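Understanding the architecture of this molecule
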Amino acid sequence: MKKAFAWILTLVMAISLVACGANSATPAGSTTDSTAPSASTATAGNTNLSVIWWGNQTRNERTQAALDLYAEQNPGVTFDAQFAEWSDYWNKLATASAAHSLPDVVQMDYKYLKQYVENGLLVDLKPYIDSGVLDVSGIDPGILEAGSVDGGVYAVCIGVNAPALLYNKTFMDENGFTVKDNMTMDEFIALSKEVYKKTGMKTNVSYGAGENFIDYTMRAQSIELYDGNKFGAKSAEDFVPYFSIYENGIKDGWLISPEVFAERTLGSVEQDPLVFGSGADQRSWCTLAYSNLLTAFQAAADAEGVVELGITTWPSADPAKSDYLKPGQFFSVTVDSKDPEAAAKILDYWTNSLECNEILLAERGIPASSKTADALAPKLDSLQQKITDYINNVVTPTCSAISPAAPENSAEVLKLYDSLQEQVCYGKLTAAEAAQKLFDEGNAILAG
Amino acid sequence: MSSKQATVREKKLHARKKTLGQWLNQEHVAGVVCTSPFIIGFFLFMVVPMILSLYYSLCNYNILSPPQFTGLANYIKAFTQDPKFVKSICVTFFFALVSVPLRLIFALLVAMILVRKSKLSAFYRAVYYLPSIIGGSVAVAILWKRMFAMDGVINSILRNIGIQTSISWLGNTSTAIWTLIILAVWQFGSSMLIFLASLKQIPSTLYEAAEVDGAKKGSQFWRITLPLLTPTIFFNLVMQMINGFLAFTQCYIITQGKPMDSTLFYTVYMYQQSFEFYNTGYGAALAWIMLAIISVVTGVLFATKKLWAYEGGL
């Protein structure tokens, strides 16, 4: 009897320890237990859905508000909202998938989509589209296709963006430079040289940003960056133009020294040389970003609007071939969801509800459904209208389909792009050597 | 006969009838109950994960899908076709072999000063211990990054004393590792406290005798202080060496291995493989290789101990 009591005591201790462990293993530091959805859906009527996304403070607030509205309109549905910074987000999702405790709805990125589908972690949404739960009639087929893998629809786009060169318009105007749309690479380099000669201001060409710009330059040569589990390029020669930009930029002085980036957090809007840096040699007149980032960059550059940022296309040997619309962000339903239909309804709400999008205000990019986008357009502020105008009138007329999603082993290749770019900028490798290394080592990694 | 049986039965009955308090008061029970939180925690969070990681190290495992057994492939890959593995080992050894002795010398120096009795010595001890508490934190790492920036405080101090420089400490392959070494040396507090304690243990009679014999301060240090401190130095060396090999935060926050992998610590590389490239099986193999390396280094230190550490009584 007493022995039993003591054992119970020990058991309680053990369980509390296990519980601590289990809690820390759940995807986010949320207060709600991750097992809650299964428990509540089992009793029917009440549905608790967990939703996770990455982003910034503005996005967190707006997403939460949109979810609250849905919960209000649909009694019985409650949300467990979780969010993380981009860099932590994928670690969190990976560990949650190992524990089979993925949230019901996850924000998905184009880069990771294939990997998650191939590992069988996402639900095919086709049945819900066919049954009318999820209405995608307003979404352009090309955009919908981006969320599809092998015929199944695994992700629904919740914001369309495009590659965008953001530049300090005030500074360029003051110094008498004009930046035109659809600049070729040569025009861009000539402009950068002139800016450097006249003002000392340097240029940042997508330093340490992984595959985005190399993909863009390859598109100009009509080569797909990835072709299944290898590079689309047939020989190392094809990579030389890309690395030459960096080799020549350092040689001619207009490219920012890689040393500047050693002290910055790469990917941080606030530390980008466009908006931050103490001297002209640490600043850049432009940055290669995506259209939805204009809001964040404008805020970082100057809150009062004295500095105006401009938006145009990335430089490319053939801008028409390179340009594409990027279904920047997706929502997916995971296999760990106990009620995928309820989760699919959230995706429908996100895509088609004007009320929802009036809260979100295109923060993730322009709504994928053209019906929603058109209805929302008059409600956007001038900055958002500038982005819409850029996408509709500059990119859309010439753009072609986005490159296929990156294969499974691409994370290590992303590091390789950055590392080779770094070595070229430090003068340790010539463009030809870097191209050869990328071709050999990259193909080896991709082959797995 | 029957009475004997009765007493035996009584004893048994008595044994069963112990109250909970009595039962808990038994030495072996109390011990087990009181240590159970640790023991359970140790098994759940140390032993089980270690066994799992040993298993994963023999697998092709990417977290997202179930592990596939591949035998020693990960270990073979590390030693035969991974230049970054070799590079990160070199960087880590350089870091540990430079920063640990420097830190110990610095700790001993400060301990020698603080061992003197003065009104403020307690205050100074606390102040010098502070870096050890906060030094490993993310906040200090970010501060360090700003201090060594091109327009940071280090360069402006250098300019103020007349050295015109705009060197990028973090961007230069030969200086970046030194910013991390300096940060490590700065965290000398815990070694200093251990040195302080053992400095106080040295009997003053030895110094008095030396003074009578006319020994100067310098030879007192070399002939008395240092030999008697060797066991403490040994202890500090082993502990700090292990910590040095496992350093992670500073590198991860300040340099991320940049520039050109010149500061790529082994643990950071392991993290990259496990959680950025999703080669988790390979990452687990790297962890076990590190365990082997640390064991060998510690083993060598212990083997050479009797050659230089004083073990006799006073």
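Residues numbered from 1 in each chain as written. Chains lettered and ligands numbered in written order. Predicted model: local features only at pLDDT ≥ 70, side-chain atom pairs only at ≥ 80, totals over all residues. Heavy atoms only, no water.

1. Quick look at the domain arrangement of chain A
All names here are of chain A.
- Taken as a whole, chain A is organised into domain 1 (51-160 + 327-389) and domain 2 (163-323 + 409-447).
- Surface buried jointly by domain 1 and domain 2 totals about 860 Å² across both partners, of which 56% is contributed by carbon and sulfur atoms.
- Its largest share of buried area at the contact with domain 2, domain 1 owes to Lys-111, Lys-386 and Ile-387, together 58% of the area lost on that side.
- Scanning the region where domain 1 abuts domain 2 turns up 1 salt bridge.
- Linking domain 1 with domain 2 are 2 residue pairs in polar contact (both at pLDDT 80 or more), by the criterion used here.
- In terms of residues, the side of domain 1 that touches domain 2 owes the most to one element, helix α18 (residues 382-395), which gives 4 residues.
- Counted by class, the side of domain 1 that touches domain 2 contains 2 nonpolar, 3 polar and 5 charged residues. (Domains from an automatic or database assignment. Buried area = accessible area lost by both parts, 1.4 Å probe. Salt bridge = Lys/Arg side-chain N within 4 Å of Asp/Glu carboxyl O. Polar contact = N/O pair within 3.5 Å; in protein donor to acceptor, adjacent residues only side chain to side chain. Helix = DSSP H or I, 4+ residues; strand = E, 2+ residues; numbered from the N terminus. Nonpolar A, V, L, I, M, F, W, Y, C, P; charged D, E, K, R; others polar.)

2. Regarding the packing of aromatic side chains
- Inspection of the entire model under this criterion finds 45 aromatic pairs over all chains.
- The interplanar angle of 85° and the centroid separation of 6.0 Å between the aromatic rings of Phe94(B) and Trp178(B) together place this pair among those described as edge-to-face. Here the residue Phe94(B) occupies a position in helix α5 (residues 83-114), and Trp178(B) occupies one in helix α9 (residues 176-186), the gap between them amounting to 84 residues.
- Three or more aromatic residues joined by ring pairs make a cluster, and in this case those are Phe213(A), Tyr216(A), Tyr242(A), Phe243(A), Tyr246(A), Tyr290(A), Trp314(A) and Tyr324(A).
- Here the guanidinium or amino end of Lys326(A) rests over the ring plane of Tyr290(A), the centre of that ring lying 4.9 Å away.
- Stacked on the ring of Tyr282(B), the Lys or Arg Lys77(B) has its end atom at 4.2 Å from the ring centre. (Phe/Tyr/Trp six-rings, centres within 6.5 Å; stacked < 30°, edge-to-face > 60°. Lys NZ or Arg CZ within 6 Å of the ring centre and 35° of its normal.)

3. Focus on the sheet that holds strand β3 (residues 105-108) of chain A
Residue and element names in this part refer to chain A.
- As summarised here, the arrangement of the 5 strands in space is β2-β1-β3-β12-β6, forming an open sheet in which the pairing is mixed. Each of the sheet's edge strands pairs with one partner strand only, and the pair in question is β2 (77-84) and β6 (156-161). The mean inter-strand angle of the sheet, taken between neighbouring strand axes irrespective of direction, is 20°.
- In the sheet, β3 pairs with strand β12 (residues 326-333) via 4 bridges, with the strands oriented antiparallel. Bridge assignment links Gln-107 to a residue of β12, and that residue is Phe-331.
- Of the strands in this sheet, β1 (47-54), β2, β3 and β12 are in contact with helix α3 (residues 57-73), which crosses β2 at around 170°. (Pairing = 2+ DSSP bridges. Axes fitted to C-alpha atoms, helices over the stretch in contact; angles between N-to-C directions. Contact = heavy atoms within 4.5 Å.)

4. Regarding the domain arrangement of chain B
- Assigned domains within chain B: domain 1 (2-56) and domain 2 (77-308).
- Its C-alpha centre places domain 1 of chain B at a distance of 44 Å from the equivalent point of domain 2 of chain B.

5. Concerning the interface of chain B and chain A
- Contacts between the two partners involve 38 residues from chain B, matched on the other side by 39 residues from chain A.
- Contact between chain B and chain A buries roughly 3300 Å² in total, counting both sides, with carbon and sulfur atoms accounting for 62%.
- Interface area lost by chain B to chain A is led by Leu64(B), Met260(B) and Tyr278(B), which between them contribute 22%.
- At the boundary of chain B and chain A, one finds 1 salt bridge.
- Measuring nitrogen to oxygen at the nearest pair gives 3.2 Å for the salt bridge that ties Lys415(A) to Glu276(B).
- Our count for the contact surface shared by chain B and chain A stands at 7 residue pairs in polar contact (both at pLDDT 80 or more).
- Counting residues per element, the ones that place at least two in the side of chain B that touches chain A are α2 (20-25), α3 (27-56), α7 (138-147) and α14 (266-276) of chain B.

6. Regarding the nonpolar core
- The biggest cluster of nonpolar side chains holds 84 residues, and the ones touching the most others in it are Trp90(A), Met108(A), Tyr116(A) and Trp350(A).
- With 7 residues, helix α15 (residues 340-352) of chain A is the largest single contributor of residues to this core.
- Residues from two domains meet in this core; each of domain 1 (51-160 + 327-389) and domain 2 (163-323 + 409-447) of chain A gives at least three.
- If near-sequence neighbours (up to four positions away) are discounted, Trp90(A) is found in contact with Trp54(A), Gln107(A), Met108(A), Asp109(A), Tyr112(A), Tyr116(A) and Tyr278(B). (Core = buried A, V, L, I, M, F, W, Y, C linked by side-chain atoms within 4.5 Å. Buried < 20%, exposed > 50% of the residue type's maximum accessible area, 1.4 Å probe, protein only.)

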